[in-house]
Each structure stands twice: as structure tokens, then as C-alpha cells.
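# Structural description and commentary
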Amino acid sequence: MRTRFFGACLALTCALAPATVAAQDPAAAQRCRIRLIHADSGATLGNDNYFASGDVRLACDGTSIRMRSDSLASYGGQITEFIGHVRYEDSSMVMTADRGTYRRAGEVWEARGNVVTRSAGGSSLRGPSLDYFRVLPGIREGVEVYADGRPTIDYVPRDSTGQEQEPYVIVGDRVRMKGEDRLWAGGRVTINRSDVAASADSMRLDTGSGQDGALVREAQINGLGKDPFALFGDRIDLTLEQNDLTFVQADGAGRAVSADWTLVADTIGLDVNDRVLEQTLAWGAGVRPHAVSATYEIRADSLALDSPGKVLTEARTFGKAWVASGEDTTSANRDWLRGDTVTARFASREVEGKTKTVVHRVESWGNATAYYRVFDEATPGLPSINYARGNRILVEMSDGPKSGVERVEILGQVDGVQLQPRPAGRDTTVTPAGTPAATPPVQP
């Protein structure tokens, strides 16, 4: 049987709010009053239940909402179930699914099975389940979306001119979106874009007015731009500018890795400009900042590392600061300087055919102490050992092919000690053949 219902008042359309109620409640005028546009066949059971099949199409009067499916069942004009090739669309969202349910009481659309959505702003979602709460003046001023079953979201931010930017691909066990620019996710969350890859137990992202976000529990973020880095922590806070990452801060068990160094501290902050790491900040009392590379080591209560243009140029350390220099920082045979404040400047040098960042100049203020070695050609392989104290100590390293201390300047209350190696004496144990060896003399 083929039935047409254009303008007919059936159970599906008679659950309308009276005009007097709409006048008292502005939201009532925006509630969905479903009108059947087309169905190949349909039947009414009782006074309130309606069933239809075959290219079922509906609309909500006075709104942009359109719905369609292979078949539907409406119960009391309050709950409408859609089955097969389901499609829902309004001014904010278009979605398709295997099944759908529209609940008039809360103005909620529930999509189930192979859900695919695309928002007016260009973001999309793919997953098994989604609950969609449309805009309802006086109740909800913005769209809200809840999805579980580990959906995948292509989250498209926009710049200040409204142009679409590269999307973030976000995956999580559970996701909530509010409007076009706020998103929360929980359960094994991952975020990927050409310049960044991140993971955590949960996350928040605001690409609207907030321009910030957070990764919580087992958090990790990798910068994949021109200057790769990795940052780990219990929590990582994100700062954005025009939706690009500009600053990240790890709190609790912070660890950062760059091309030059590995750093641990209670708190680590990385300043990123044009996808290049330009400055690193670290502080903490539980885990004091400790940076290690192949050619230097740094400890302090707090520190700042400057790396403009992807090149480490300066380290500023404060509070029980200690800076060591040497090709092997696991060895005790290296030079170091400590004090209340220590500043180290770095230079690039070719070492065994590879460019390495080495300490070029170190300066200490306040309770300054230096331990350094000076090599002399007269005593090859045996350097003099120097230990000095003062109010201020400046150590400059050699720029030549051979590493080592070139100049030391000590100011203030100066004291210290220098241990100079003595050249080895003549070996008197060597005698002409057949002559008894003489007893070697005792060195004074």
C-alpha cells in the first residue's frame, strides 16, 4: 500500500506545542515538530504510534532539520526510531548511520552503527556511536556532541580570517565536543598532525578564544617540526597561537629530549616558534633540573636553555648551579664550575667529522668554585689540576682543534690549589748488556 501524508495531522505531527506555550517559552518555538514529507507506506497503531517504510523523509517545521531512513517507528510523538541508511542534517551538522533515534523531550539525536559526521566548520567524526544535542535557544546555546566506542575525529581549526587549517586527528575511547572549537577526550587519547604527535589518558583542546589545552596522566608530546623534541610528564599544558603550538609545560616527572640534550625536572617548559624549539625552562625541588649531552652536564634549582635557529647558544642556571664540560660526561675527568648562578655559552665544533655543541665560555657568580685541567706539551697526557674559589670565576675554552681550558679569571676573595705533574726521570734500570742493573733511585 502506498500512502502520501502531505500536511496530514497524524500521530507523528500532532504532538505540537500550543501557541500560548510557545509565547511563554521561546525555546518551545524551536523544538522539533516533525512533519512527514514522504514514505512509500505507513500505518497508525492506536492514537499515538506510527510506522512507515520506503524512502522515509521528514522535517522539523520552522528549522533546518531534515531526516530520512529506510523505515521508522514513532511512539507517542516523543521518540522516533530510524532504521537503515539513516541521515540527519541541520545548519550545524550532517551525519549518517545505520540506526538513529530522535528524542523530542531533550532534543537529542542518537546515531548508532557506522556513524559519520561532518560539521559546518569542516570537522568530521567516524565511530560506532554518537549523541548529538542541537542548539536550542534558552537551553543550549551551542552544539554538543558525545561519542564513545573510540571514535576518530578530524578536528579542523580555523585562523583569525576563518580559513581552514591543517586538522588534528584525535582518537579516544570517549569524546565530547562543544561548539566548533572545544573538545575533550578520555581513554588512550592520541593527537596527530604534521607538526605534532601526542598521547595521554585524557585531553582537552580549545582552538577558539582559549587557545590552549592539556594532556593528563602518562602525557607525552613530540614536536615533529624543523627541530624535533619529545616531552613527557604527568600533565602537559599546551598554549596555542593561531592554533599552532607555541608553548608546552610538563608538570610532575618531567622529561624532555632534543637533538642536543636530555633534561629531567619537576617542571619543564618548551617555547616553540614557527615549529622550532627556541627556549627551554626547567625548575623543581623534588627533581632538580638535570641536563645531559655528549659534551656537557648541567644541574641547578632552575635553568634556561636558549636555542634560536635550532642551535644551543646559552644556558643560564640558578641556585646551587653546576656545569661540567667534557667529551665524556660519565667520566670524572672533566672540567666543572659551580656557584649561586652559572652562565654557559656554547659553540659548534667539528669532533671526529661530526658537528657537536660544546661549552665555549662559563661564568659563575656567588660562592663560585672551579675545577679544571690544563694540558702542557711538556707533560703530555698529564695535565695540571686546578681547584679555585672566588666571588666570580670566568673560564674560557679553546676554540682550536684541541679542547681544554684557555683562560681563567677569578675575582674577589680568591684561594685555591694547583697540582702540577712532574716530568718522569731517566730510567736507570736500562744498562748495557752483561752489566747488572742499578737499583733505581728513590724519587724525592
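Residues numbered from 1 in each chain as written. Predicted model: local features only at pLDDT ≥ 70, side-chain atom pairs only at ≥ 80, totals over all residues. Heavy atoms only, no water.

### Considerations on the overall build of the chain
Note the threshold: Runs of E in the DSSP output that reach at least two residues are strands. Runs of H or I that reach at least four are helices, and both are numbered from the N terminus. Buried, partly exposed and exposed residues are distinguished by accessible area as a fraction of the type maximum, computed with a 1.4 Å probe on protein chains only: under 20%, between the cut-offs, and over 50%, respectively. Here a residue-residue contact requires only that any non-hydrogen atoms of the pair lie within 4.5 Å. Shrake-Rupley sampling with a 1.4 Å probe provides the accessible areas, and residues are treated as covered by the protein chains on show and by no other component.
Of the regular secondary structure elements, the chain holds one helix and 28 strands. For the chain, the residues scored as buried account for 45% of the 444 residues in total. Sequence separation of at least 24 residues holds for 41% of the intrachain contacts in the chain that already meet a minimum separation of 6. Counting every atom, the chain has about 21,800 Å² of accessible surface; 52% of that belongs to carbon and sulfur.

### Remarks on the nonpolar core
The test is simple: By nonpolar core is meant a set of buried Ala, Val, Leu, Ile, Met, Phe, Trp, Tyr and Cys residues that side-chain atoms within 4.5 Å join together.
Within the largest apolar cluster, 86 residues are counted, with the highest numbers of intra-cluster contacts made by M67, W109, I170, L215 and I221. Not counting the four nearest positions on each side in its chain, I221 is found in contact with V196, A197, A198, L215, F229, A230, L231, I236, L238, L245 and V248.

### Observations regarding a nonpolar patch on the surface
Rule in force here: Only residues whose relative accessible area exceeds 30% and that take part in no salt bridge are eligible for patches, with like-charged residues grouped when within 9 Å of each other and nonpolar side chains (Val, Leu, Ile, Met, Phe, Trp, Tyr) grouped when within 5 Å. The rule for a salt bridge is simple: a side-chain nitrogen of Lys or Arg has to be within 4 Å of a carboxyl oxygen of Asp or Glu.
Residues I385, V417 and L419 make up a contiguous nonpolar surface patch of roughly 240 Å² in combined accessible area. Mapped onto the elements, V417 comes out in strand β28 (residues 415-419).

### Focus on the state of the cysteines
Heads up, the condition is: We call a pair of cysteine sulfur atoms a disulfide when they lie within 2.5 Å.
Counted under the stated rule, the structure contains one disulfide. One disulfide bridge connects C32 with C60, the sulfur atoms lying 1.7 Å from each other. For the disulfide bridge between C32 and C60, the dihedral angle about the S-S bond is near -65 degrees, and by the sign convention the bridge is left-handed. Of this pair, C32 sits in the loop between α1 (19-24) and β1 (34-38) while C60 sits in strand β3 (residues 49-60), and the two are 28 residues apart along the sequence.

### Digging into the side chain of S293
We count it as follows: Here a polar contact means two N or O atoms within 3.5 Å. Within protein one must be a hydrogen donor candidate and the other an acceptor candidate, and residues neighboring in sequence count only if both atoms are side-chain atoms.
Within the secondary structure, S293 is located in the loop between β20 (290-292) and β21 (296-299). Side-chain polar atoms of S293 contact the backbone nitrogen of T295, separated by 3.0 Å.

### Here's the deal with the environment of N49
By secondary structure assignment, the location of N49 is in strand β3. The spatial distance from the C-alpha of N49 to the C-alpha of Y75 is 4.6 Å, given a sequence separation of 26 residues. Among the polar contacts listed, one links the side chain of N49 to the backbone nitrogen of G76, at a separation of 3.3 Å.

### Here's the deal with the packing of aromatic side chains
Using the following cut-off: Aromatic pairs are defined between Phe, Tyr and Trp rings, using the six-membered ring for Trp, whenever the two ring centres lie within 6.5 Å; interplanar angles under 30 degrees are classed as stacked, those over 60 as edge-to-face, and all others as tilted.
For the coordinates displayed, the defined rule picks out nine aromatic pairs. Consider the rings of Y296 and F346, whose centres lie 4.9 Å apart with planes at 55 degrees: the pair is tilted. Here Y296, found in strand β21, pairs with F346, found in strand β24 (residues 335-351); they are 50 residues apart in sequence, far enough to count as distant. By relative accessible area, which is 10% here, F346 ends up buried. Ring centres of W336 and Y371 lie 5.9 Å apart, and the angle between their planes is 15 degrees; this geometry places the pair in the stacked category.

### Quick notes on the pattern of salt bridges
Under the defined criterion, the tally for this structure stands at 35 salt bridges. Between E409 and R392 there is a salt bridge, and its shortest N-O distance comes to 3.1 Å. On the criterion of sequence distance, the pair formed by E409 in strand β27 (residues 405-411) and R392 in strand β26 (residues 384-397) is long-range, its members being 17 residues apart. The exposure class assigned to E409 is partly exposed, which follows from its relative accessible area of 26%. R392 gets classed as buried once you look at its relative accessible area, which sits at 19%. A cluster of three or more residues bridged by salt bridges with shared partners is formed by R361, E363, R392, E396, R407 and E409.

### Observations regarding the environment of G213
Note that G213 resides in strand β15 (residues 212-223). Relative accessible area serves as the criterion here: at 2%, G213 is assigned to the buried category. When the C-alpha positions of G213 and D237 are compared, they lie 5.9 Å apart, and in sequence the two are 24 residues distant. Leave out the neighbours within four places in its chain, and G213 touches R204, L205, I236, D237 and L238.

Interpretation in functional terms is not warranted from these geometric data alone.
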